[in-house]
There are 2 protein chains.
Amino acid sequence: MEGTVKCSANYVPLTPINFLERSAIVYRDRISVVHGDLKFTWAETRDRCARLASALHSLGISRHDVVAVLAPNIPAIYELHFGVPMAGAVLCTLNIRHDSAMVSTLLKHSGTTSSPKGVVYSHRGAYLNSLAAALLNEMPSMPVYLWTVPMFHCNGWCLTWAVAALRNVTAKGIFECIAKHQVSHMGGAPTVLNMIINAPSVDRRLLLGKVIVMTGAAPPPPHVLFKMEELGFNVTHSYGLTETYGPGTVCTWKPEWNSLPPDAQAKVKARQGLHHLGMEELDIKDPETMQSIPPDTKTRGEVMFKGNTVMNGYFKDSKATVDAFKGGWFRSGDVGVRHPDGYIELKDRSKDIIISGGENISSIEVESVIYSHPAVLEAAVVGRPDDYWGETPCAFVKLKDDCNANADEIIKYCRDHLPHYMAPRTVVFRELPKTSTGKIQKFVLRQKAKDMGSLSRTSRL
Amino acid sequence: MEGTVKCSANYVPLTPINFLERSAIVYRDRISVVHGDLKFTWAETRDRCARLASALHSLGISRHDVVAVLAPNIPAIYELHFGVPMAGAVLCTLNIRHDSAMVSTLLKHSGTTSSPKGVVYSHRGAYLNSLAAALLNEMPSMPVYLWTVPMFHCNGWCLTWAVAALRNVTAKGIFECIAKHQVSHMGGAPTVLNMIINAPSVDRRLLLGKVIVMTGAAPPPPHVLFKMEELGFNVTHSYGLTETYGPGTVCTWKPEWNSLPPDAQAKVKARQGLHHLGMEELDIKDPETMQSIPPDTKTRGEVMFKGNTVMNGYFKDSKATVDAFKGGWFRSGDVGVRHPDGYIELKDRSKDIIISGGENISSIEVESVIYSHPAVLEAAVVGRPDDYWGETPCAFVKLKDDCNANADEIIKYCRDHLPHYMAPRTVVFRELPKTSTGKIQKFVLRQKAKDMGSLSRTSRL
């Protein structure tokens, strides 16, 4: 338009680096990072990050070079989140639970589709996601954030304010940190919430202030949500993927839900809700026809996203990128339904759906019932091969200390609360394998179920 | 980077229109706008705006056409903030207090520098400013915002959530709306706050919840801030210009200030603070050398901004645009100092500084003292021409109902609280002329002081 200009005074590329620059001015002498007895202020953190960027530069690192980091939640990884992009380079955070062979594969990253994919974020997307995350968490200007989520998971961009980091996540450590640092916000997968609600009373502390907990990574069983609220935590349920910079939706709480019975409250809170402010569009579509499914709570489809907080693509894997964006939407691979109010509810990952005798069984629904059994600490349900049914549900269960239950009791409990075809035919009691973010590794359990062989054949032998 | 793509699924131009699209989904059946007995939901507001855009289109309005609106705070002006940009056009909000000659000039907008300037905003800037404004106001997901600030002033972009609009701003109306609609947030110039604290007790209502009030437009006298907090309002002080989409800085409250005596608290709250999250840089510079001034609370310079929430320029006035951005910064024309903690404090608009016998007198500092006099309702100080001193301070004062004070008392009070050269030599009791946003029109008073003629010459006659 006539009379207007685009110049350095009115146009600045969006980057989360500028949040640090601003924090170093506005919150100069306030605590930025606490780790054990170590404390930094925002001015110190900014200076350390600038020196880190300078050191990387003098090592010959420059624009678009990839700097990989293998570290738990220590201040160094936080600083690398700023220092690496300040040097113009790309930060690649590796999972500390990988073994050396996997780390070696990742460090060589050659362009195959079989290895884990490297999800590429932009400065612009990270900037916008940070603002959306702060709003999503209803964060005031000086929150105290307890880092229970590993920073190598979806990066720590989103929450660049006061931080108290926990290297090892234990219920005792969480309660101690909350009391010591007046934690206002934290995040954690449902298994972390489960750890909190099952903490022995000696490890617990009374909450003096409200602690807002963002949960996600897996749909939280209503029972777990219910117990958390009882303890005084305020749980917000969000859902997303690494490809959506972490949370992409939030189950925005409606005031009228306050009058529902506690059980019903937990059930609606377990829905994934709607897209947050930084995401432009959310839909559930038939993956073939790309038609939106009706909001009837029954019809299933694939959850898809559009927006600035969707990844740029998979590093050196154009085929996977093109597949993920086929049809102009990011395809999550998650299966869900829509409620009449528009809120979405995940039914399963496509690959976690159990198909038994032609019926689709949501492993999440079966798990929710098993979690509500008083003796159960953790549960995961996968398909077990079956010559007759194709698959039947197989439950892996960890009981609470001092609790007892046998397979028949669990199966009967499920048949009392679910259509019979959905109840597990097999129950295995054991520790559940988990990722570093506390997500249960279903692929490990799926393999174990496969190794058991067909239930029908076995029983017929 | 190899493997990445830019497509409709991961790159969307930033526009506040999408906030409305999202609200129509997430807050579908919640109240969007309340005006008297009229109420709309977000789904209705979105539909009305879409129909408005369609109607504009069928009238032949298209991309880059300017649609001007002359309206008070009624729902129609709110809807135009979305409907006009939805049609691709440019919204131009006119001040309802302009006379017909001025409106005629603005509608013809020919490219002269003498008329009021048309400040041009971008969709991107408005989007980013909206997010920053929500964070700045510490807004939860469902605030109730009372529109006491005219929407034609800096536009209503910034706060696109639940809105209760007041057509005419009176203290009685404000207290009634707060009680009726459980208002959580509102905004207002110091004169609006002054109206609130001086409301007769019959018009007042007890505040049941915390009401966050954003004030700005003029530096609020500490005394006014103090009384507002006493009434239970939580006042946040921000500062900006139309050119910065409204608020550009905020006086972020430091917890340690809670232990200061109330008077001292009001004094620090009257500082303009530091740039908000959507603005990239704030500085006070010598306007000639462009050197930053030291943070010594004494050295004065011009307040300057850089960031995405700075205007694109002045419509059809390239010369004014170039002048405003000279040196790569947006020059505010405001004079300020910096405190050692970095917070800025305005001393005056360049043109409001009174130069008396070679001394710079901040009209704001003199006004702050006059406001603290128990009989004073409102005050404004300008320079009166003086053959000997160049200028001397001239105070225009409005007393509270049932209160008395004469000029000598006001002058003595100022001499007791200020260096003598800063005390007014002239005090005029009268109504103060104001803009529609409640800002006192100093240019009118300056003319009145000029018409009085030189004080020294007069007294020597």
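All of these numbers come straight from a predicted model, not from anything done at the bench. Per-chain numbering applies: the sequence of each chain, read as written, is numbered from 1 onward. Following the order in which they are written, the chains are lettered starting with A and the ligands numbered starting with 1. Given that this is a predicted model, residues contribute local features only at a pLDDT of at least 70 and side-chain atom pairs are listed and counted only at 80 or more, while totals for whole chains, interfaces and linings are drawn from all residues. With hydrogens and water excluded, all non-hydrogen atoms of the structure serve as input to the side-chain values.

Right, let's get into the overall build of chain A. Here a helix means four or more residues in a row that DSSP labels H or I, a strand means two or more in a row labelled E, and each is numbered from the N terminus. Check the secondary structure of chain A and you find 14 helices and 22 strands. Atoms considered for the radius of gyration are the C-alpha atoms alone. The globule rule reads 2.2 Å times the number of residues to the power 0.38. Its C-alpha radius of gyration of 23 Å places chain A within 12% of the 23 Å reference for a compact globule of 461 residues. Along the three orthogonal principal directions, the C-alpha set of chain A runs to about 75 × 55 × 50 Å. Here chain A holds 461 residues, and 56% of them are scored as buried. Here's how the labels work: a residue is buried when its accessible area is under 20% of the maximum for its type, exposed when over 50%, partly exposed in between, all with a 1.4 Å probe on protein chains only.

Moving on: the relation of the copies chain A and chain B. Superposing copies: least-squares fit, C-alpha atoms only, residues required to have pLDDT of at least 70 in both. Once chain A is rotated about the relating axis by 180° and shifted along it by 0.0 Å, it coincides with chain B to within an RMSD of 0.1 Å. Between the two chains, the operation in question is that of a two-fold axis.

A separate point is the interface of chain A and chain B. For this analysis, residues touch if any pair of their heavy atoms sits within 4.5 Å. Facing 68 residues of chain A, the contacting portion of chain B comprises 68 residues. Take the accessible area each of two parts loses on contact, using a 1.4 Å probe, and add the two losses: that sum is the buried area. Between chain A and chain B, a total of about 5,500 Å² is buried, with carbon and sulfur atoms accounting for 60% of that surface. By salt bridge we mean one thing: a side-chain nitrogen of Lys or Arg within 4 Å of a carboxyl oxygen of Asp or Glu. Taken together, the links from chain A to chain B amount to two salt bridges. Here Arg30 of chain B makes a salt bridge to Glu256 of chain A, at a shortest N to O gap of 2.7 Å. Under the rule applied, a polar contact is a pair of N or O atoms within 3.5 Å (in protein, one hydrogen donor and one hydrogen acceptor; residues adjacent in sequence only if both atoms are side-chain atoms). Scanning the region where chain A abuts chain B turns up 26 residue pairs in polar contact (both at pLDDT 80 or more). Mapped onto the side of chain A that touches chain B, the elements with two or more residues apiece are α1 (17–26), α5 (123–136), β12 (274–275), β14 (301–307), β15 (313–314) and α10 (318–324) of chain A. Element by element, the count of residues in the side of chain A that touches chain B is highest for α5 of chain A, at six residues. The classification used treats Ala, Val, Leu, Ile, Met, Phe, Trp, Tyr, Cys and Pro as nonpolar, Asp, Glu, Lys and Arg as charged, and all other residues, Gly among them, as polar. Residue classes in the side of chain A that touches chain B are distributed as 38 nonpolar, 17 polar and 13 charged.

Residue and element names in this part refer to chain B. Here strand β11 (residues 246–250) lies mainly inside the structure; four of its five residues are buried. Taken together, the four bridges between strand β10 (residues 233–241) and β11 define a ladder with antiparallel strand orientation. Paired with Leu241 across the bridge in β11 is Gly246. With two bridges connecting them, β11 and strand β12 (residues 274–275) associate as antiparallel partners. When DSSP finds two or more bridges between a pair of strands, those strands are recorded as paired.

Residues and elements named next belong to chain A. Among all positions of helix α8 (residues 222–231), only Pro222, Val224, Leu225 and Met228 are buried. Buried residues of α8 fall within an arc of 160° about the axis and therefore sit on the same side. As for α8, its buried residues are in contact with α7 (190–197), β9 (211–215), β10 (233–241), α9 (262–269) and α11 (363–371). At the C-terminal side of α8, Gly232 shows a positive phi close to 105°. This arc corresponds to the set of directions leading from the helix axis out to the C-beta atoms.

What follows concerns the sheet that holds strand β13 (residues 279–285) of chain B. Residue and element names in this part refer to chain B. Taking strand neighbours across the sheet as the criterion, the four strands line up as β13-β14-β16-β17 in an open arrangement whose pairing is antiparallel. Because the sheet does not close on itself, it has two edges, and the strands there are β13 and β17 (344–349). For this sheet, the mean inter-axis angle between neighbouring strands, taken without regard to orientation, is 45°. Bridge count between β13 and strand β14 (residues 301–307): six bridges; the pairing is antiparallel. Residue pairing for β14: Leu282 is matched across the bridge by Phe305. Fitting a line to C-alpha atoms yields each axis, with helices limited to the stretch in contact; the angle taken between N-to-C directions then spans 0 to 180 degrees.

A separate point is helix α12 (residues 407–417) of chain B. Residues and elements named next belong to chain B. Ile410, Ile411, Tyr413 and Cys414 are the residues of α12 that are buried. Angularly, the buried residues of α12 cover 160° about the axis, an arc narrow enough to put them on a single face. Across from the buried face of α12, at angles greater than 90 degrees, the exposed residues are Asp408, Lys412 and Asp416. Among the structural elements, α11 (363–371), β20 (376–386) and β22 (426–429) are those in contact with the buried residues of α12.

Here the focus is the nonpolar core. Counting residues in hydrophobic clusters, the biggest one holds 54 residues, and the most contacted among them are Ile178, Met186, Phe233 and Ile370 of chain A. Domain segmentation is taken from an automatic or database assignment of domains. Counting contributing residues per domain, this core is built from domain 1 (17–348) and domain 2 (355–460) of chain A, each supplying no fewer than three. Sequence-distant contacts of Ile370 of chain A, defined by excluding residues within four places in its chain, comprise Val376, Ala379, Val381, Ala395, Val397, Ile410, Cys414 and Pro424 of chain A. For our purposes a nonpolar core is just a set of buried Ala, Val, Leu, Ile, Met, Phe, Trp, Tyr and Cys residues, chained together by side-chain atoms within 4.5 Å. Ala270, Ile361, Phe396 and Leu399 of chain B belong to the second largest nonpolar core, which has 53 residues in total.

Note that Phe429 of chain B resides in strand β22. Beyond its immediate sequence surroundings of up to four residues, Phe429 of chain B is in contact with Val397, Leu399, Ala405, Asn406, Ala407 and Ile410 of chain B.

All names here are of chain B. Throughout the structure, instances matching the rule amount to 40 salt bridges over all chains. Between Asp352 and Arg446 there is a salt bridge, with its nearest N and O atoms 2.2 Å apart. Taken together, the residues span a long stretch of sequence, with Asp352 in the loop between β17 and β18 (354–356) and Arg446 in helix α13 (residues 442–452) at a distance of 94 residues. Assessed through its relative accessible area of 11%, Asp352 is described here as buried.

With that settled, the discussion passes to the domain arrangement of chain A. Residues and elements named next belong to chain A. Here the domain parsing of chain A yields domain 1 (17–348) and domain 2 (355–460). For domain 1 and domain 2, the distance between their C-alpha centroids amounts to 28 Å. For the pair domain 1 and domain 2, the summed buried area comes to about 1,600 Å², and 54% of that belongs to carbon and sulfur atoms. When the shortest N-O distance is used, the salt bridge between Lys347 and Glu365 registers 2.9 Å. Seen at the junction of domain 1 and domain 2, the total is three residue pairs in polar contact (both at pLDDT 80 or more). The set of elements that each furnish at least two residues to the side of domain 1 that touches domain 2 consists of α7, α8 and β17 (344–349).

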